[in-house]
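As a plain string of letters, each chain reads:
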Amino acid sequence: MSKDLQFLVNVLINFLEAFLIVRVLYCSQKQSRKFVFTFLTMNSLLFLIFYFSGNIAISFGVGFGLFAIFRVLRFRTDPLSVRDMSYLFVILALAMVDYALLDNQQYVMLLIAYVFIFGMLLLLEKGWGFDYDETKSVRYEKIDLIKPENRELLIHDLEERTGLKISNVEVEEIDFLQDTADIKIFYKPSK
């Protein structure tokens, strides 16, 4: 196989892997396309940076340097959720793994690594064996219901207002000047 054709195959394999993770796993749970562009372009560009740098040691140094830059950017931009940041890390690391294995033509090892990563994400996204609660923070004005003895009344009122089946509540902050409280509610996600 010519070097140009091998390069095209490697780029397409990398993009297909990232696309499947983003489309099948990330988007199916999130129902948001907010970071699809970011994930796929960063994965593809990072793969190209590794490929054209030509040296695996340099490439991994560049990759980890980019992770550090993204970490700093996280503090200066709209915050990403932990889930979104995890997917970003997976997508960027996938480019490093793809480069290292495709450059050495280790296709079986690449397939094993990809099946493991995809399977792990699928298992965690579908919640098989895990019982997750989602959270929301709300500002609550019925300050008398935040007392521990009124916990059931608080949960009932929040369920009526939000339409969610609430499993727990935490009072995060109380503002006695405005008679409000910031409350974190824990609820089961709708199926």
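Predicted, not measured: the structure shown is a model, and the values here were computed from it.

Undergrad: Looking at this structure, I do not really get the pairing of strand β3 (residues 180-187). What am I missing?
TA: Residues in a regular strand project their side chains so that they alternate between the two faces of the sheet. β3 sits mainly inside the fold: 7 of its 8 residues count as buried. For strand β2 (residues 166-175) and β3, the ladder comprises 8 bridges, and the chain directions are antiparallel. Within β3, the position partnered with V171 by the bridge is I183. In this antiparallel pair of consecutive strands, β2 and β3, the connection spans 4 residues, and D179 shows a positive phi of 55°.

Undergrad: What's the story with the packing of aromatic side chains in this structure? I'm lost.
TA: Geometry of an aromatic ring pair is reported as the spacing of the ring centres plus the angle between the planes. Tallying each qualifying case throughout the model produces 2 aromatic pairs. Taking 5.8 Å as the distance between ring centres and 35° as the angle between the ring planes, the aromatic pair formed by Y114 and F118 counts as tilted. Of this pair, Y114 and F118 both sit in helix α5 (residues 107-126), 4 residues apart, which is roughly one turn of that helix. Among the residues examined, Y114 registers a relative accessible area of 12% and is labelled buried.

Undergrad: Where do I start with the pattern of salt bridges in this structure?
TA: Opposite charge on two side chains permits them to pair, given that their charged atoms come into close proximity. Per the counting criterion, the structure on display carries 6 salt bridges. The residue R139 makes a salt bridge to D182 at a minimum N-O spacing of 2.9 Å. One end of the pair, R139, is in strand β1 (residues 134-140); the other, D182, is in strand β3, with 43 residues separating them in the sequence. On the accessibility criterion, R139 (56% relative accessible area) is exposed. Assessed through its relative accessible area of 18%, D182 is described here as buried. For E141, the salt bridge goes to R161, with nearest N and O atoms at 2.6 Å.

Undergrad: Got a minute to help me understand a nonpolar patch on the surface in this structure?
TA: A cluster of nonpolar side chains, F15, L16, F19, L20 and V24, forms an exposed patch at the surface whose accessible area comes to about 390 Å². Turning to its location among the elements, F15 is positioned in helix α1 (residues 3-30).

Undergrad: What should I look at first to understand the environment of K147 in this one?
TA: With respect to the helices and strands, the residue K147 is situated in the loop between β1 and α6 (151-162). With relative accessibility at 43%, the residue K147 sits in the partly exposed group. As for K147 and V171, which are separated by 24 residues in sequence, their C-alpha atoms are 9.5 Å apart.

Undergrad: Help me understand the nonpolar core in this model?
TA: What tends to happen in soluble globular proteins is that the nonpolar side chains get buried as a cluster. Ranked by size, the top nonpolar core spans 29 residues in total, and within it I21, F39, Y87 and L121 carry the most contacts. Going through the elements one at a time, α1, α2 (36-53), α4 (82-103) and α5 are the ones with two or more residues in this core. Ignoring anything within four residues of it in the chain, the contact list for Y87 reads I21, L25, Y26, F39, L121 and E125. Within the second largest apolar cluster, 12 residues are counted, among which are Y140, I146, I155 and I183.

Undergrad: When you look at the sheet that holds β2 in this model, what are you seeing that I'm missing?
TA: In sheet architecture, strand pairing relies on hydrogen bonds along the backbone and comes in two forms, parallel and antiparallel. On the basis of which strands lie adjacent, the open sheet formed by 3 strands has the order β1-β3-β2 and antiparallel pairing. Edge strands, defined here as strands with exactly one partner in the open sheet, are β1 and β2. Ignoring strand direction, the axes of neighbouring strands in this sheet form an average angle of 20°. Note: β1 against β3, 7 bridges, orientation antiparallel. Considered in β3, the bridge of K136 is made with I185. Sitting on the sheet, α6 is in contact with β1, β2 and β3, with an inclination near 100° to β2.

Undergrad: Teacher, can you tell me more about the side chain of D157 here?
TA: With respect to the element layout, D157 can be found in helix α6. One polar contact links D157 to Y140, side chain to side chain, over a distance of 2.5 Å.

Reading the values: the criteria
Residues numbered from 1 in each chain as written. Predicted model: local features only at pLDDT ≥ 70, side-chain atom pairs only at ≥ 80, totals over all residues. Heavy atoms only, no water. Buried < 20%, exposed > 50% of the residue type's maximum accessible area, 1.4 Å probe, protein only. Helix = DSSP H or I, 4+ residues; strand = E, 2+ residues; numbered from the N terminus. Pairing = 2+ DSSP bridges. Phe/Tyr/Trp six-rings, centres within 6.5 Å; stacked < 30°, edge-to-face > 60°. Salt bridge = Lys/Arg side-chain N within 4 Å of Asp/Glu carboxyl O. Patch = residues over 30% accessible without salt bridge, like charges linked within 9 Å, V, L, I, M, F, W, Y side chains within 5 Å. Areas by Shrake-Rupley, 256 points an atom, 1.4 Å probe, with all protein chains shown as cover. Core = buried A, V, L, I, M, F, W, Y, C linked by side-chain atoms within 4.5 Å. Contact = heavy atoms within 4.5 Å. Axes fitted to C-alpha atoms, helices over the stretch in contact; angles between N-to-C directions. Polar contact = N/O pair within 3.5 Å; in protein donor to acceptor, adjacent residues only side chain to side chain.

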